[in-house]
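# Structural overview
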Amino acid sequence: MIIDFEIGTRWKATFKKLWKRLQGHKVDVYFSDEWEAYVWVLPDEKHIAHKSWTCAIEWLNNLIRHFIARFHRKTHCYSKCVQMVKYTLYLFMYQKIII
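Model, not experiment: these values are computed from the prediction.

In this section: helix H3 (residues 55-67). Taking 1.5 Å per residue, 13 residues should reach 18 Å; H3 reaches 18 Å between its end C-alpha atoms and fits that length. Taken together, the buried positions of H3 are occupied by Leu60, Leu63 and Ile64. Angular distribution of buried residues about the axis of H3 spans 100 degrees; they occupy a single face of the element. What points out from H3, more than 90 degrees from its buried face, is the exposed set Cys55, Trp59 and His66.

Spelled out as structure tokens, the structure:
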């Protein structure tokens with residue numbers, strides 16, 4: 001289930017923004033890769049860090065890159081406005097949840 005997302009660089013500060021918003025949800029366990037920002041921020045008792053648990057999110061990332069031109073790698077379609085990136089992701093996720 002998709003709860004939320006954050007747009008930004010792959011630094012601890014970006015993840016902390018997402019982490020603050022996740023505090024309002026009851027989450028029993030967090031699965032992630034072994035990126036050190038997760039280790040610093042997520043509570044140890046609820047965090048499982050291993051690549052084998054991240055296949056679902058990697059699949060979703062692949063779908064986003066496949067269907068939305070602005071997320072293709074090495075493309076001329078790119079976004080100058082962060083707000084438009086957020087709207088695009090909201091619409092994509094809404095469509096995937098409804099269908």
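Additional details are given in the paragraphs that follow.
To find leftover empty space, a probe the size of one water molecule is rolled over the atoms. Each pocket or cavity is described by its volume, and for the largest pocket that value is around 1800 Å³. When residues of the lining of the largest pocket are assigned to their parent elements, the largest contribution, nine residues, is made by H3.

With that settled, consider the side chain of His47. Tracing the backbone shows His47 in strand E2 (residues 47-49). For His47, a relative accessible area of 13% gives the class buried. Of note is the side chain of His47, whose polar atom sits 2.5 Å from the side chain of Ser32.

Attention shifts here to the confidence of the model for the chain. Summary statistics for the chain give a mean pLDDT of 81 and a share of 87% for residues scoring 70 or more. The weakest mean pLDDT in the chain belongs to helix H4 (residues 82-98) at 79; the strongest belongs to helix H1 (residues 12-22) at 89.

Here the focus is the environment of Gly8. Its place among the elements puts Gly8 in the segment before H1. Taking the C-alpha atoms as reference points, Gly8 and Val82, separated by 74 residues in sequence, lie 9.1 Å from one another.

Bringing H1 into the picture now. Every buried residue of H1 is accounted for by Thr14, Phe15, Leu18, Trp19 and Leu22. Across the axial projection of H1, the buried residues extend over an arc of 140 degrees, all falling on one side. Exposed residues lying more than 90 degrees from the buried face of H1 are Ala13 and Lys20.

Definitions and cut-offs
- Residues numbered from 1 in each chain as written.
- Predicted model: local features only at pLDDT ≥ 70, side-chain atom pairs only at ≥ 80, totals over all residues.
- Heavy atoms only, no water.
- Helix = DSSP H or I, 4+ residues; strand = E, 2+ residues; numbered from the N terminus.
- Expected span 1.5 Å × (residues − 1).
- Buried < 20%, exposed > 50% of the residue type's maximum accessible area, 1.4 Å probe, protein only.
- Arc of directions from axis to C-beta.
- 1 Å grid on protein atoms, 1.4 Å probe; cavity = no way out; pocket = protein on both sides within 12 Å on 5 of 7 lines; lining within 4 Å.
- Points joined across faces, edges and corners; volume = space filled by probe spheres on them.
- Polar contact = N/O pair within 3.5 Å; in protein donor to acceptor, adjacent residues only side chain to side chain.
- pLDDT = per-residue confidence, 0-100.

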